[in-house]
Amino acid sequence: MAEASQLFKEFKIQSVSEFFRRNAAMLGYTGKIRSLTTVVHEAVTNSLDACEEAGIPPYIRVEIEELGREHYKVIVEDNGPGIPEKYITHVFGKMLAGTKAHRNIQSRGQQGIGISGAVMFAQITSGKATRVITSTGGDKTIEAWVKIDVDKNEGKIVKKEKHPNPKGWRGTRIELEVKNVKYIRSKQGVYWYLKLTAIANPHAHIELIEPDGKLIVFPRSSEEVPKPPVEMKPHPRGVLTDDVYRMAKKTRRNTVKRFLVGEFSRISDKKIDELIEYIAALRLIKTEEDKNVQEQLYERLMKGEVKAVLRSFRGYTKVVKQVAKMMEKPPEKLTWHEAEEIVEAFKYMKFLAPPTHGLRPIGEENIEKGLRGILKPEFVTAVTRPPKVYSGGIPFQVEVGLAYGGEIPAGFELLRYANRVPLLFDAGSCVTTLAARSIDWKRYKVDDLDRAPVVLMINVISVHVPYTGTGKQSIANVEEIQNEIRLAIMDAARRLQTYLSGKHRKLYQVKRKKTFEKYVPEIARALSVLTGEEEDAVKSYFLTFIESHFKAKEGELSEVSENA
């Protein structure tokens, strides 16, 4: 048997970059088509986020150049604010780093892995550094070739040049050389990804140059740049003990009380008094030896009877004073056990729902513009549900767009989004798919969904989208989110039902009119013989009568349809 000292000779600390280098599939780099789409997705996502944060209408150009068999150069250029020289290595060469990863804010990227993961994928498949050209609009542009030192999880510039910028160009262009990938116009490829991105981002102008040189343009259909999302304080019902403990160590507040009031939403001075009572009650309940009595006290606490529970213990005021004293200590001296007590008490307390002002939906008008501009349907509608929370304290919002007919081919199409980002893979386990398939579409006059020309778009936005994996391609089946999606779909489907009912009634009337007109010549001929009137005059009379009758009918149908 080998000795422990021998076994631990192989013990090695692995860097984050090294881990993801060995497990690139976790970032979505699996399969030739998917890997290429993931590279483009990460670069385009960064471009959109940068432009929106700077209030710039995005202009994004993607070029795929074929260099050999399963060997491509991916070029993505934007008109964003550019990247200061000293941050180039951090942006493209360091994993789990970024401007949003540490903030409670709605964003397309959440982990600080995306673009650095693409740089690493290019590096491990082609061995080439990523070329970055950027300028913040000053008199110089920076051209740098970036690689990742996977052992240190650090970016390093292998070559750098500075060029004059006489026209004041501003933006970022990156060039990644990747191998073992494939460009195909499939529904999991780059073309489809950019098309879906254009639908959910009607304020963006996106161009794609395919490997054969074909230029495809998804033009901007809205001039309104979405307002950047606002950072939100965490809600007490959505935090863990570790969150409270770590935040307490970092805060600049001088007491635990001021820390809780200042750095969490929905906590006031009055709530702190309540919190003290709940923590004291929980401490006292734990001293009760009779388990049945203990359970009864927990139930009463859950009902909000905290004062009554406290009064059931002798000398409870002493415990309340001890907890109150804890609230006045410096937050950096808060112990893990005390943080646990705080979080446990939060679970029994009632709080207002978290604020949702920081969420930024696409909006019904912009969803309709996006669907109409790209898909050219005959009917389109959109629903934005009011913000809700899941897991007790994480805000989210659901949007749905529904398009029917026109240039949409037969066959149901579900377009899934999270924070405006298209989700192309792992659809089967996604809550959006489960919710869409749980709807009884026949109730809304869509008898055969799989053959109907219907496109359903679902966008889930949140400061923390519950993805099922690091690849961020599927949203977990959270009950609150599924319910909201279902309500939004049913609302949109009711509008489609009204439209289809009106359309069916109109078609029925057209058919009737044609039937009447078919027999007019024969009737005119017979009446002419019987009455002696000119045949043409009788025919003209009946055609005019039929026309006016169905015109009045059409007016009645339009009125019914508008009031429906």
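Sequence positions are assigned chain by chain, starting from 1 and proceeding in written order. The predicted nature of this model means local features are confined to residues of pLDDT at least 70 and side-chain atom pairs, given and counted, to a pLDDT of 80 or more, with totals for whole chains, interfaces and linings taken over all residues. Side-chain measures were taken over the full set of non-hydrogen atoms in the model, leaving aside hydrogen atoms and water.

Participant: Looking at this model, I keep getting lost on the side chain of Glu63. Mind explaining?
Facilitator: Starting at the N terminus, helices and strands are each numbered in turn, a helix being any DSSP run of H or I of at least four residues and a strand any DSSP run of E of at least two. Residue position: Glu63 is located in strand β1 (residues 59-68). Look at Glu63 and you get buried, because its relative accessible area is 18%. A polar atom in the side chain of Glu63 sits 3.3 Å from the side chain of Arg61. Discounting residues that sit within four places of it in the chain, Glu63 has contacts with Lys73, Val74, Ile75 and Ile209. Each residue is assigned to one of three classes by its accessible area relative to the maximum for its type, calculated with a 1.4 Å probe on protein chains only: buried under 20%, partly exposed between the two thresholds, exposed over 50%. For the purposes of these results, a polar contact is taken to be a pair of N or O atoms within 3.5 Å, where, inside protein, one atom must be able to donate a hydrogen and its partner to accept one; residues adjacent in sequence count only when each atom of the pair is a side-chain atom. Contacts were defined at the residue level, with two residues in contact if any of their heavy atoms lie within 4.5 Å.

Participant: How do you make sense of unusual backbone geometry when you look at a structure like this?
Facilitator: Note: most residues except glycine have negative phi, and most peptide bonds are trans. Even without being a glycine, Lys376 presents a positive backbone phi close to 55°. A positive phi angle, close to 50°, is found at Asn419, a residue other than glycine. Inspection of the secondary structure puts Asn419 in the loop between β12 (413-418) and β13 (421-423). Residue Asn419 is classed as buried on the basis of its relative accessible area of 2%.

Participant: In this structure, what is going on with the packing of aromatic side chains? I would like to understand it.
Facilitator: The relation between two aromatic rings is expressed through the spacing of the ring centres and the mutual angle of the planes. Each Phe, Tyr or Trp ring (for Trp, its six-membered ring) is paired with any other whose centre lies within 6.5 Å, and the angle between the two planes then decides the class: stacked below 30 degrees, edge-to-face above 60, tilted in between. Going through the model one piece at a time under the given rule, you end up with 11 aromatic pairs. Both rings, one in Phe259 and one in Phe264, keep their centres 5.7 Å apart while their planes meet at 80°; by these two values the pair is edge-to-face. Taken as a pair, Phe259 and Phe264 share a single burial class, namely buried. Note on Phe346 and Phe351: the rings are 5.7 Å apart at their centroids and 80° apart in plane angle, and the pair reads as edge-to-face. The two residues Phe346 and Phe351 agree in class, both being buried. Through a chain of ring-to-ring contacts, three or more aromatic side chains come together here, namely Phe259, Phe264, Phe346 and Phe351. Whether a charge lies above a ring is judged from NZ of Lys or CZ of Arg, which has to be within 6 Å of the ring centre and within 35 degrees of the ring normal. The ring centre of Phe425 lies 4.3 Å from the NZ or CZ of Arg34, which sits over that ring.

Participant: Would you explain the pairing of strand β7 (residues 205-209) in this entry?
Facilitator: Regular strands place side chains that alternate from one sheet face to the opposite one. Among the 5 residues in β7, 5 count as buried, and that is most of the element. The alternating pattern of β7 places His205, Glu207 and Ile209 and Ile206 and Leu208 on opposite faces, both of which are buried. Each pair of strands is called paired provided DSSP finds at least two bridges between the two strands. Sheet analysis places β1 next to β7, joined by 5 bridges and oriented parallel. Among the inter-strand pairings, Val62 is bridged to a residue of β7, identified as Leu208. In terms of strand pairing, β7 meets strand β8 (residues 215-218) through 4 bridges, oriented antiparallel. Pairing of Ile206 across the sheet is with Phe218, part of β8. Between β7 and β8, which pair antiparallel and follow one another directly, the connecting turn spans 5 residues, one of which, Gly213, has a positive phi of 90°.

Participant: How should the sheet that holds β7 be read in this particular structure?
Facilitator: A sheet is described by the order of its strands in space; here 8 strands give the open sequence β5-β4-β3-β6-β2-β1-β7-β8, paired in mixed fashion. Each edge of the open sheet is held by one strand with a lone partner, namely β5 (154-164) and β8. When strand polarity is set aside, the average angle formed by the axes of neighbouring strands in this sheet is 15°. For β1 and strand β2 (residues 71-78), the ladder comprises 8 bridges, and the chain directions are antiparallel. The axes are straight lines fitted to the C-alpha atoms, using for helices just the contacting stretch, and the angles between their N-to-C directions are given from 0 to 180°.

Participant: Honestly, the environment of Tyr316 in this entry has me stumped. Any pointers?
Facilitator: With respect to the helices, strands and loops of the structure, Tyr316 is situated in helix α12 (residues 316-327). It is 7.7 Å that separates the C-alpha atoms of Tyr316 and Leu284, two residues lying 32 residues apart in sequence. When near neighbours in sequence (up to four residues on either side) are disregarded, Tyr316 contacts Leu284, Leu310 and Arg311.

Participant: It is not clear to me how helix α7 (residues 241-250) should be interpreted in this structure. Could you clarify?
Facilitator: Every α-helix winds through 3.6 residues per turn, so residues three or four apart in the chain are directed the same way. Regarding α7, the residues found buried are Thr241, Val244 and Ala248. One face of α7 carries all of its buried residues, which in axial projection span an arc of 70°. Where α7 is buried, its residues contact α8 (256-263) and α13 (336-348). In this description, the arc belongs to the directions extending from the helix axis to the C-beta atoms.

Participant: How should the pattern of salt bridges be read in this particular structure?
Facilitator: It is possible for side chains bearing opposite charge to pair when their charged atoms get close. Here a salt bridge means any side-chain nitrogen of Lys or Arg lying within 4 Å of a carboxyl oxygen belonging to Asp or Glu. Enumeration over the complete set of coordinates arrives at 29 salt bridges. A salt bridge links Arg131 to Glu175, with the nearest nitrogen and oxygen atoms 2.9 Å apart. Residue Arg131 is located in strand β3 (residues 130-136), and its partner Glu175 is located in strand β6 (residues 170-179); the two are separated by 44 residues in the primary sequence. When its relative accessible area of 23% is taken as the criterion, Arg131 is described as partly exposed. Taking the relative accessible area as the measure of exposure, Glu175 reaches 8% and is therefore buried.

Participant: Honestly, the packing of helix α9 (residues 269-285) against α12 in this entry has me stumped. Any pointers?
Facilitator: Any two packed helices are characterised by the angle at which their axes cross and by the distance between the axes. Contact geometry of α9 with α12 gives a least axis separation of 9 Å together with a crossing angle of 125°. One way to sum up the angle between α9 and α12 is to call them oblique. You can see that α9 and α12 cross each other, and the crossing is right-handed. Counting all contacts with α9, which are made through Ile272, Leu275, Ile276, Ile279, Ala280, Arg283 and Leu284, the residues of α12 involved are Tyr316, Val319, Val320, Gln322, Val323, Ala324, Met326 and Met327. For the contact of α9 with α12, a count of residues per class yields 13 nonpolar, 1 polar and 1 charged. Here roughly perpendicular refers to angles of 65 to 115 degrees, roughly parallel to angles under 35, roughly antiparallel to angles over 145, and oblique to all remaining angles. Each crossing gets its handedness from the near helix: less than a right angle anticlockwise from the far helix is left-handed, clockwise is right-handed. Note on residue classes: Ala, Val, Leu, Ile, Met, Phe, Trp, Tyr, Cys and Pro are nonpolar, Asp, Glu, Lys and Arg are charged, and everything else, Gly too, is polar.

Participant: Would you mind going over the environment of Val383 with me for this structure?
Facilitator: Take Val383: it is sitting in strand β9 (residues 379-384). Judged by its relative accessible area of 3%, Val383 is buried. When the C-alpha atoms of Val383 and Ile489 are compared, they prove to be 7.9 Å apart, with 106 residues separating the residues in sequence. Dropping the residues within four chain positions of it, Val383 is found in contact with Glu364, Val398, Glu399, Val400, Ala488, Asp491, Ala492 and Arg495.

Participant: When you look at the environment of Ala492 in this model, what are you seeing that I'm missing?
Facilitator: Relative to the assigned elements, Ala492 resides in helix α16 (residues 479-531). With relative accessibility at 0%, the residue Ala492 sits in the buried group. The spatial distance from the C-alpha of Ala492 to the C-alpha of Leu402 is 6.5 Å, given a sequence separation of 90 residues. When near neighbours in sequence (up to four residues on either side) are disregarded, Ala492 contacts Thr381, Val383, Val400 and Leu402.

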